[in-house]
Structures are given as C-alpha cells and as structure tokens.
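# Coordinates in review
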Amino acid sequence: MTTHESEIGRPRSVVRSLPAYKPGKDAKQAEIDHGVTNAVKLASNENPEPPIDPIVDAVQSSIAGINRYADHRAVALRSKITEWLGVDAAMVTVGNGSVGILQQIFLTYVDPGDEVVFGWRSFEVYPIFTQLSGGAAVRIPLNDDLTYDVDAIIAAINERTKLVMLATPNNPTGTIISANDLARIAEAAGPRTIVVVDEAYREFVDDGVVDPVRDLLSTYPNMMVTRTLSKAHGLAGLRMGYAVAHPSVISDFDKCTLPFAVNALAQVAALAAIDHIDMINARARGIVEERHRVEDGLRSLGWWLPAHQANFVYLDCGERTGEITLMLERAGVVVRPFEGEGIRVTIGSSAENDRFLAAMASVEPARKAS
Ligand SMILES: *Cc1c(COP(=O)(O)O)cnc(C)c1O
C-alpha cells in the first residue's frame, strides 16, 4: 500500500482544520537551541516544589496495587471533597485534571451549532473544545486592562448559548472576575445556559475574594465551578481535577465520564493533599509572595502589569513578543509566548525568578506604566 501520510483515514472536518498539537519548549530544548546551560522552564504554571511528603508516601504505598482498576466513582475522594468543601455529596464530581473535566463539559452540553461564549484571550482549550464539538465560539475581546468585558459577555448570551467559559483568575492574564460580575453573568445566562467558573488558580487569589462554591452555587444552579490539584497542590503529572455544581448538572455530566478517568495514584495523592491542605495553602502563599516580588521587580523596570492573582505574571508585549521571548530563552529562561500579544511567565523558585528578573533588566518595557 503506498499512500501519503495525509491520506490515511478520514478525520472529521473539525479535526482536519485544527492545527497539530505543538508542545511548548522545554528547558533541555532551549539549552540545545541556544547553547546555554541550566535553563529554567517557567512556561507551564507548574508548582516549582516537589510534592509534599505525605503525597509521596501515599503514592509510594499504593503503587503495588496498580494491577487493579481504580474506583471508577472515586467514592472515597468524592466524599473527602464533600467534607472539605462542606457541600452536598451529589454536587461533587472528579476528572482527569480539570482539563479532562472541561472536555467532558463540552461533551455533555455542546451540539453542532451551539454557541460557547468566552473572553479572549483566555485558556486555549476553550476554542479547541468548541471546535471539536462543532460548536460556534463567540470570543469577547478583553478590556484594555486585560480584564473580561463583562457587559459584552452578557450581551453575547442568547438562546443558542450553551456554555459561558470564565477563567478566574484568567489564564494568561491573571486577572479575576468579581463575585458581583459572576452573579450578573449567571443571572443573565439563566437556567438554560451553564456558566463554567474555571478556578484552576483559586489557591493564589487574594484573601477576601468570594468563594463561588460557598457563596454563589446555591443561588445559581446553572453555575459549575471547576478546580484542579495540578497547580497549588503540585499534582500536574498525576492528573486530578474536580467540579462542584447542582446535583442535576453533576448527574448529566457524570453520564459522559470516561471509565476510570481518575487513576488510582491520583486518587490517593488527592486524598493526601486534602488531608494536609494547610501545608498546601502555606506553599501557595509562598508562591504569591514571590509573585509580589517579581511584580515589584518588573514595575521598577517600568512595566505596566495586569492585576494578577495567580502563580504567573503576564507581560503585554504586542509586536515585540517574539523578540522578548527569544531574548529570555537565550538567557536560559523558557516562557510561554502568545504570538503578537504577550508572554506568560510562571512564578518559579526564588532562584528561577531571580534569573528571569535579571534577564528582564536589559529589556525595554513593551507597555509602560503611566
Ligand atoms: C492549568 C489550567 C487548568 C487545568 O489544568 P489540569 O492540569 O488539567 O487540571 C484549567 N484551567 C485553566 C485556566 C488552567 O490554566
């Protein structure tokens, strides 16, 4: 059989028109490309520290059992989350990272032609999952200060809107949506539209920011809050996310679950993380302190910054994005560029952050604080 690679199989047209997945550069590749040593990766919003000891111990003592399937319903984990958050057991579900949960939300709600509203720029899986479902993406440009344009989001919602995707803090800009604005959007959306509040960076927000699980879900049965143990809890490599919503939303969602979506080691790791949540939160506070230090450093170099509340900073670089990314890579600092827009830089260890700040000292700010 002779054939061209592009002719094998007949992918769905929505798949054909998606670009092939391009993984971000890792530190090793940057070292090879630029002849530098000890490159650091500040590109994926990972926790710079290894997992806490109780997580490592729990995973190690469970490895011997991985010949068995995990508990498909993750009963112990769901009840642990239920207890931790103080919500009804029927309001909690778990998934393969919160990206796994987001994909399953699309599987649950979006038919071809349905509309999905989100601010842009935001998390890159929103347009990809919309396209894969055959849905229509309605992108609402961010305000000049890189926050969501809430009135425009509300104005875009109509009878065809199945989902509104809201990342708060937003990735990559780090800005949050106020509780009042979340409530306005959920109110405007009404019961026929699900409002997804993607709180992957919840643990890094300022004290006093309203917790939608505690304060909004009971008023808005169309709201679904998704969270992850990948960032603050340091479990990016194991994959565990959870969602909280009205029981009937969770029941619809669970029908679409991939069997055994949360693997056995992720389940025990998550149980250990929640059992030691004070240790996790203390580390998250340390990352926030580092973020403040990095923000101060960038401001003293003259940069304008959005009102970040996550474990990263965002540089509004516009046309100079490629040039500044390359300059940082040559200095051994691998970041996440958004071509023609800006650069997201994860808060790493203090030494890594110092590397980043030192490299920035020779860069003329692309957007200056006025
Ligand atoms: C990192 C991130 C996630 C989730 O990551 P998982 O590792 O799949 O849990 C979800 N939403 C946003 C906005 C993120 O940045």
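Residues numbered from 1 in each chain as written. Predicted model: local features only at pLDDT ≥ 70, side-chain atom pairs only at ≥ 80, totals over all residues. Heavy atoms only, no water.

### A look at the packing of helix 12 (residues 277-300) against helix 14 (residues 350-360)
Where helix 12 meets helix 14, the axes come as close as 10 Å, and the angle between the chain directions of the two elements is 10°. Looking at the two axes, helix 12 sits roughly parallel to helix 14. Along the contact surface, helix 12 presents Glu290, Arg293, Val294, Gly297 and Leu298, while helix 14 presents Ser350, Asn353, Asp354, Phe356, Leu357 and Met360. (Axes fitted to C-alpha atoms, helices over the stretch in contact; angles between N-to-C directions. Helix = DSSP H or I, 4+ residues; strand = E, 2+ residues; numbered from the N terminus. Parallel < 35°, antiparallel > 145°, perpendicular 65-115°, else oblique. Contact = heavy atoms within 4.5 Å.)

### Concerning the site of the ligand
Taken together, Gly97, Ser98, Val99, Phe123, Asn171, Asp198, Ala200, Tyr201, Thr228, Ser230, Lys231 and Arg239 form the complete shell of residues around the ligand. Within the contact set of the ligand, an oxygen atom lies 2.9 Å away from a backbone nitrogen or oxygen of Val99. For the ligand, an oxygen atom lies 2.5 Å from a polar atom in the side chain of Tyr201. Among the elements that line the shell around the ligand, the one with the most residues is helix 5 (residues 97-109), at three residues. (Near = heavy atom within 4 Å. Polar contact = N/O pair within 3.5 Å; in protein donor to acceptor, adjacent residues only side chain to side chain.)

### Looking at the pattern of salt bridges
When their charged atoms lie close together, side chains carrying opposite charge are able to pair. What the rule picks out here adds up to 27 salt bridges. A salt bridge links Glu115 to Arg160; the shortest N-O distance between them is 2.9 Å. A residue pair is termed long-range when its members are at least 10 positions apart, and Glu115 in strand 3 (residues 115-120) and Arg160 in the loop between helix 7 (150-156) and strand 5 (161-167) qualify at 45 residues. For Glu115, a relative accessible area of 13% translates into the label buried. When the shortest N-O distance is used, the salt bridge between Asp211 and Arg227 registers 2.9 Å. Here Arg227 lies in strand 7 (residues 223-228) and Asp211 lies in the loop between strand 6 (194-198) and helix 9 (212-215), a separation of 16 residues in the sequence. The pair Asp211 / Arg227 is uniform in exposure class, with both members buried. Among the ionic contacts, a cluster of salt bridges with common partners joins Glu199, Arg202, Asp211 and Arg227. (Salt bridge = Lys/Arg side-chain N within 4 Å of Asp/Glu carboxyl O. Buried < 20%, exposed > 50% of the residue type's maximum accessible area, 1.4 Å probe, protein only.)

### Observations regarding the sheet that holds strand 4 (residues 136-141)
Within a sheet, each strand pairs with its neighbour through backbone hydrogen bonds, oriented either parallel or antiparallel. Strand order across the open sheet formed by seven strands is 2-8-7-6-5-3-4, with mixed pairing between neighbours. At either margin of the open sheet sits one strand with a lone partner, and together these are strand 2 (92-95) and strand 4. Direction aside, neighbouring strands of the sheet carry axes that sit 20° apart on average. Together, strand 2, strand 7 and strand 8 (241-244) form the strand contacts of helix 4 (residues 75-85), whose direction differs from that of strand 2 by roughly 130°. (Pairing = 2+ DSSP bridges.)

### Focus on the pairing of strand 4
As paired strands, strand 3 and strand 4 are joined by six bridges and run parallel to one another. Each bridged residue has a counterpart across the sheet, and for Val116 the counterpart in strand 4 is Ala137. Between the parallel elements strand 3 and strand 4, the chain passes through helix 6 (residues 125-132) in a crossover that is right-handed. (Right-handed = clockwise from strand over helix to strand, strands pointing away.)

### Details of the sheet that holds strand 11 (residues 336-338)
The three strands are arranged 9-12-11 in an open sheet whose pairing can be described as antiparallel. The strands lining the two open edges of the sheet, one partner per strand, are strand 9 (312-316) and strand 11. Within the sheet, the average angular offset between the axes of one strand and its neighbour, ignoring direction, is 20°. As paired strands, strand 11 and strand 12 (residues 342-346) are joined by three bridges and run antiparallel to one another. Bridge pairing in strand 12 links Phe338 to Gly342. Of the strands in this sheet, strand 11 and strand 12 are in contact with helix 13 (residues 321-330), which crosses strand 12 at around 30°.

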